[in-house]
Amino acid sequence: MTIAHPVATVAAPLDPASADAPQVLHWPGRSLLVQRGDTELVALDLDAAAAGGRLAEVRFPAPWQRRFGSVTVSPEGEAAVFAGVHAVRSVKATGATRWEVRHGCWEGESSHRHTSFAEYADDADHCYADGGSAAVSADGKLVWAHVRGPLGDDVEAEPDQELWLVLDAADGRVLGRADTMTVASGSEHTPHPDPAQMGLSVGEGEEGSPVLWGRWDGQRLTAEQFDVERILLAVSPSGRHLLTVPLGQESLSLHRVGDGSALRELDARGTVTAYPGNTGRNRVCWDYEAAFVNEDTVVAGTSASEAPNGTAHHWLVDVHGMILRGEISYPFPVSGPPRSAGDGTWYTVSEDRTCLHLWRPADKG
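Residues numbered from 1 in each chain as written. Predicted model: local features only at pLDDT ≥ 70, side-chain atom pairs only at ≥ 80, totals over all residues. Heavy atoms only, no water.

**Quick look at the side chain of His314**
Part 1 of the argument: If you trace the backbone, His314 turns up in strand S24 (residues 314–318).
Part 2 of the argument: Within the structure, the side chain of His314 is placed 2.8 Å from the backbone oxygen of Gly336, a separation counted as a polar contact. (Helix = DSSP H or I, 4+ residues; strand = E, 2+ residues; numbered from the N terminus. Polar contact = N/O pair within 3.5 Å; in protein donor to acceptor, adjacent residues only side chain to side chain.)

Put into structure tokens, the structure is as follows:
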């Protein structure tokens, strides 16, 4: 049994009734709590919270409501990047647009164009459109974005082609692009400590879930597909290893970043103890999120399969042998999966989404 040491509890800055749950974005030496509401995005400095200091807060006016896309923030909190139905837009805290890259519509025909949010704000189809995502590199100089073509007035792009872009974070210039060969319903980026590398999980509904790995050499973006039915969970602190789970959630897999090859696996069945009251109708399976505590250790949960029981269990895994070290003991019940917060920590969100808890193993101080 590993005891979880509470690092900090941070109140969510926005009302959960009109906002997404708070989450943590982190890069080497930097972590931010971000929460997206319908009218704004709030970013808090978690490094200050962990040190017991006053949290610095930045608020960004949102160009469209939260159901029309996703958002990320730069490491220093000077800009928010909104990935919407028709464009990727970088916004200052004043609400001023730094830059915008327009792309094909994620709803219906990619050739559909809208010049303002007001044109589709009340359209139900746009509310539930497919979508891409964006992430900012570890050094804050690049924005990686998964979009639907064509870009702007690019008449040579293939219809409905999906693109992975590397953009200059300062001015939005397209530095590199690659065809993802996907048909996305949604996607999520997983940053790497090296600004020139990035992971991308693309959900294709019932069609699959490819994991792509991108490399930017300063001149050209290359995208390699590692698997077609997996979710990328986390990158190790050194950047040498990846953790994935298949769509069926039956096993955790450790991969080498260099070529994506699977090194070791840990099956949930026969390894993780079923929660009390499980009648066998609900199999125990891994969550779609996990966290590297350090290069040797992962915190993984089985909370999704335990949802009917109302209790979340998290487990410490030794990745060298993919061996279960044991269950994690918390000072109070937690909900949901463990999520990476960087610097040897992970976080959980309270069931009512009003606060976020940061944790680390007690024996690490």
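**Details of the sheet that holds strand S7 (residues 80–84)**
Part 1 of the argument: Spatially, 4 strands are ordered S6-S7-S8-S9 in an open sheet, and the strand pairing comes out antiparallel. Both edges of this open sheet fall to strand S6 (69–73) and strand S9 (97–102), since each of them pairs with a single strand only. On average, each strand axis in the sheet is tilted by 15° relative to the strand beside it, whichever way the strands run. (Pairing = 2+ DSSP bridges. Axes fitted to C-alpha atoms, helices over the stretch in contact; angles between N-to-C directions.)

**A closer look at the nonpolar core**
Part 1 of the argument: Counting 35 residues, the largest nonpolar core has Val34, Leu41, Phe68, Phe82, Trp144, Trp164 and Leu221 as the members making the most contacts within it.
Part 2 of the argument: Of the residues forming this core, the biggest block, 3 residues, is contributed by strand S15 (residues 197–203).
Part 3 of the argument: Formed by 20 residues, the second largest nonpolar core is a distinct cluster that contains Val245, Val284, Val298 and Met322. (Core = buried A, V, L, I, M, F, W, Y, C linked by side-chain atoms within 4.5 Å. Buried < 20%, exposed > 50% of the residue type's maximum accessible area, 1.4 Å probe, protein only.)

**Quick word on the environment of Val174**
Part 1 of the argument: With respect to the element layout, Val174 can be found in strand S13 (residues 174–179).
Part 2 of the argument: A C-alpha to C-alpha distance of 9.5 Å links Val174 and Val143, two positions 31 residues apart in sequence.

**Looking at the pattern of salt bridges**
Part 1 of the argument: Enumeration according to the criterion identifies 17 salt bridges in this entry.
Part 2 of the argument: With a shortest N-O distance of 2.9 Å, Asp20 and Arg66 are connected by a salt bridge. Taken together, the residues Asp20 in the loop between strand S1 (2–11) and strand S2 (23–27) and Arg66 in the loop between strand S5 (57–61) and S6 connect sequence positions 46 residues apart.
Part 3 of the argument: Residue Arg66 is classed as partly exposed on the basis of its relative accessible area of 22%.
Part 4 of the argument: Salt-bridge contacts for Arg339 lead to Glu289; the nearest nitrogen and oxygen are separated by 2.9 Å. Note that Arg339 is positioned in strand S26 (residues 339–342) and Glu289 in the loop between strand S21 (262–267) and strand S22 (290–292), a separation of 50 residues in sequence.
Part 5 of the argument: Each of Asp20, Asp38 and Arg66 takes part in one network of salt bridges that share partners. (Salt bridge = Lys/Arg side-chain N within 4 Å of Asp/Glu carboxyl O.)

**Observations regarding the environment of Gly29**
Part 1 of the argument: Position of Gly29 relative to the elements: it lies in the loop between S2 and strand S3 (30–36).
Part 2 of the argument: Residues Gly29 and Arg240, spaced 211 residues apart in sequence, show a C-alpha to C-alpha distance of 18 Å.

**Digging into the pairing of S21**
Part 1 of the argument: The sheet contact formed by strand S20 (residues 251–256) and S21 spans 5 bridges and is antiparallel. Residue Ser251 lies in a different strand from S21, and its bridge partner there is Asp267.
Part 2 of the argument: Here S20 hands over to S21 after 5 residues, with Gly260 in that stretch at a positive phi of 80°.

**Some words on the sheet that holds S20**
Part 1 of the argument: In spatial order, the strands read S18-S19-S20-S21; together these 4 strands make up an open sheet with antiparallel pairing. What marks the edges here is a single partner per strand, and that holds for strand S18 (230–235) and S21. Strand-to-strand, the axes of this sheet are offset by a mean angle of 25°, without reference to chain direction.

**Some words on unusual backbone geometry**
Part 1 of the argument: Residue Pro150 follows Gly149 across a cis peptide bond; omega there is 0°.
Part 2 of the argument: Counting through the fold element by element, Pro150 comes out in the loop between strand S11 (142–148) and strand S12 (162–168).
Part 3 of the argument: The phi angle at Met181 is positive, at roughly 55°, despite the residue not being glycine.
Part 4 of the argument: Along the chain, the position of Met181 falls in the loop between S13 and strand S14 (186–191).
Part 5 of the argument: Take Met181: its relative accessible area is 66%, and that puts it in the exposed class.
Part 6 of the argument: At Met322, a residue that is not glycine, the phi angle is positive and equals roughly 50°.
Part 7 of the argument: Looking at the element boundaries, Met322 is found in the loop between S24 and strand S25 (323–329).

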